[in-house]
Amino acid sequence: MIVAPSFLTADFSNLEEEIVSVSAASWLHFDVMDGIFVPNRTYDHGMLKIIKAYSNQFFDCHLMIANPGDVIDLYAQSGADLITFHLEAARNHAHEIIQNIKRLGVKAGLSIKPDTDIDTLKPYLNEIDLILVMSVEPGKGGQAFLDSALDKIRTLFKWREQGHHYWIEVDGGINLETAKKVRQAGCDIVVAGSFIFNHHDRDAAIRELAHAK
Ligand code: DX5
Ligand code: ZN
């Protein structure tokens, strides 16, 4: 599996070292929170620009914000390779937002919270590049994995067999044990924050997750 270290738990006072410490991962996951869609606030596209100077990894931007359609250009210009927004925040503009992201040459991702029904994604399966299944309530790191995510992954894997091409990514509570579960369910990419950043050997943590099965 592809591993995307989540930058939520990083030490921002030591940015360059933190980025180098997870350079074994081909992706970096940026958790953007606005304090409106989720209670916490983190950083915005400005952080991407700064980090882009230290890393040529694939920048996976997870927008946990209200009105994501308003800032797509800013993230594209700041170096995002993938922009994922929440269906719950799109308020009937999801098709338009997906098209705007793709028009900028960036991959488009759609995410749903644990309580959102998987069937709400059906209208977008043909056009989306990635689906992000939240296995925790968005808003903070270090939470326990919700097993309800496994059925969603299995369903997405089954639907994809019918002729779609989206990646399946899972985010929240990922450790060695849950990484095995999500891989067996059909996941392609795992996001991990605390498991990697709290591990004494971050290289080893990334490798373990990548080979979990
Ligand atoms: C939660 C974020 C996740 C989180 C993952 O809102 O989207 O990316 O930071 O952190 P862990 O791996 O610690 O659950
Ligand atoms: Zn995330």
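Residues numbered from 1 in each chain as written. Chains lettered and ligands numbered in written order. Predicted model: local features only at pLDDT ≥ 70, side-chain atom pairs only at ≥ 80, totals over all residues. Heavy atoms only, no water.

### A look at the site of ligand 1
Okay, so step 1: D31, G139, D171, G193 and S194 are the nearest of the 20 residues found near ligand 1.
Okay, so step 2: G139 places a polar main-chain atom, nitrogen or oxygen, 2.7 Å from an oxygen atom of ligand 1.
Okay, so step 3: Residue S194 places a side-chain N or O atom 2.4 Å away from an oxygen atom belonging to ligand 1.
Okay, so step 4: In the complex, 100% of the free accessible area of ligand 1, which totals 380 Å², lies under the protein chains.
Okay, so step 5: Elements supplying a minimum of two residues to the shell around ligand 1: strand 2 (27-33), strand 3 (58-64) and strand 8 (189-192).
Okay, so step 6: No other element matches strand 2, which puts 3 residues into the shell around ligand 1.
Okay, so step 7: Residues belonging to the shell around ligand 1 are distributed by class as follows: 7 nonpolar, 10 polar and 3 charged. (Near = heavy atom within 4 Å. Polar contact = N/O pair within 3.5 Å; in protein donor to acceptor, adjacent residues only side chain to side chain. Areas by Shrake-Rupley, 256 points an atom, 1.4 Å probe, with all protein chains shown as cover. Helix = DSSP H or I, 4+ residues; strand = E, 2+ residues; numbered from the N terminus. Nonpolar A, V, L, I, M, F, W, Y, C, P; charged D, E, K, R; others polar.)

### Re the coordination of the zinc ion (ligand 2)
Okay, so step 1: For the zinc ion (ligand 2), the full set of protein donor atoms is H29 (NE2), D31 (OD), H62 (ND1) and D171 (OD), at a range of 2.0 to 2.3 Å.
Okay, so step 2: One can describe the site at the zinc ion (ligand 2) as octahedral: its 6 donor atoms subtend angles covering 70 to 173° at the metal.
Okay, so step 3: On the primary sequence, the residues serving as donors to the zinc ion (ligand 2) are separated as H-x1-D-x30-H-x108-D. One end of the pair, H29, is in strand 2; the other, D171, is in strand 7 (residues 167-171), with 142 residues separating them in the sequence.
Okay, so step 4: Residue classification places H29 among the buried residues on the basis of a relative accessible area of 0%.
Okay, so step 5: Look at D171 and you get buried, because its relative accessible area is 8%. (Donors = N, O, S within 2.8 Å, 3.2 Å for Na, K, Ca; no water. Tetrahedral: all angles 85-135°; square planar, octahedral: opposite > 155°, others 65-115°. Buried < 20%, exposed > 50% of the residue type's maximum accessible area, 1.4 Å probe, protein only.)

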